[in-house]
Amino acid sequence: MFVGTQPQYMKIQFHDPEQKQLKFEVSSDQGTLGDTGVENGWVVYVIDQDPQNTVRSLQDTSQVEKYEMSDEKYNARETTYRKWKDNNAPVSEKATPSDAPPTGIEVGNRCEVDSLGGGLKRRGTVKYIGTVTGSTGHWVGVQLDEPMGKNDGTAKGVRYFECPDKYGLFVKPDKITVGDFPEMSFDDEI
């Protein structure tokens, strides 16, 4: 039921039962619902177009003064959502030892990557060491010897190094072993 608005300020819309199609619209005082040809099961919307509508003014939140608190004041509180989130974040979101800048890995090093576990190791050359936009901690960008990677040296739209598509991979430093790892061919692996 719709109350509180005079008929001259009502716009009535009739939609099919799935609400996919607007069948027709009635404005002002054009008769009764029976005169419109509405069918059983149709959905009826009554839209209030009264410029003096009190409800509409109450729904306009841009007129409500907002309370704002400085980060310093917020952080001084004992119980906050931010503190709860920090204490209850999944392990994957918390800082790990690999978030520290890596030592012993340099751009140009040959390496073996064990990012999948299970003994499947891929070889390549270190092309980038540093942070990656949208991710936490430090990462190592590797150009693999074979097209077993995930990118072309780009992560989230930012280019970190150049390599052919599917040859690039970003991994945490603890998944890299640097050393004398010559390129392997498919024949060497069999």
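**Student:** Please provide a residue-by-residue account of the overall build of the protein chain, values included.
**Tutor:** Helix and strand content of the protein chain: five helices and 10 strands. Relative to its full complement of 190 residues, the protein chain shows a buried share of 28%. Taking the contacts inside the protein chain whose residues are at least 6 apart along the sequence as the reference set, 45% of them involve residues at least 24 apart. Counting only carbon and sulfur atoms, one obtains 50% of the accessible surface of the protein chain, whose full area is about 13,700 Å².

**Student:** Hey, could you go over a nonpolar patch on the surface for me, with residue numbers and the actual values?
**Tutor:** A surface patch of nonpolar side chains, about 220 Å² in accessible area, is lined by Leu33, Val38 and Val44. Residue position: valine 38 is located in the loop between α1 (33–36) and β3 (43–48).

**Student:** Report on the sheet that holds strand β5 (residues 122–131), specifying residues and quantitative values.
**Tutor:** One open sheet accounts for five strands, arranged β9-β6-β5-β4-β10; its pairing is antiparallel. Only two strands of the sheet have a single neighbouring strand rather than two, namely β9 (168–171) and β10 (176–178). Within this sheet the neighbouring strands show an average axis-to-axis angle of 45°, counted without direction. In the sheet, strand β6 (residues 138–144) pairs with β9 via four bridges, with the strands oriented antiparallel. From the neighbouring strand, glycine 141 faces β9, where its bridge partner is phenylalanine 170.

**Student:** Account for the pattern of salt bridges, with residues named and values stated.
**Tutor:** In this structure the tally under the stated criterion is five salt bridges. A salt bridge links arginine 110 to aspartate 145, with the nearest nitrogen and oxygen atoms 2.7 Å apart. Residue arginine 110 is located in strand β4 (residues 110–113), and its partner aspartate 145 is located in the loop between β6 and β7 (154–155); the two are separated by 35 residues in the primary sequence. Put simply, Asp152, Arg159 and Glu162 are held in one network by salt bridges that share partners.

The rules we used
Residues numbered from 1 in each chain as written. Predicted model: local features only at pLDDT ≥ 70, side-chain atom pairs only at ≥ 80, totals over all residues. Heavy atoms only, no water. Helix = DSSP H or I, 4+ residues; strand = E, 2+ residues; numbered from the N terminus. Buried < 20%, exposed > 50% of the residue type's maximum accessible area, 1.4 Å probe, protein only. Contact = heavy atoms within 4.5 Å. Areas by Shrake-Rupley, 256 points an atom, 1.4 Å probe, with all protein chains shown as cover. Patch = residues over 30% accessible without salt bridge, like charges linked within 9 Å, V, L, I, M, F, W, Y side chains within 5 Å. Salt bridge = Lys/Arg side-chain N within 4 Å of Asp/Glu carboxyl O. Pairing = 2+ DSSP bridges. Axes fitted to C-alpha atoms, helices over the stretch in contact; angles between N-to-C directions.

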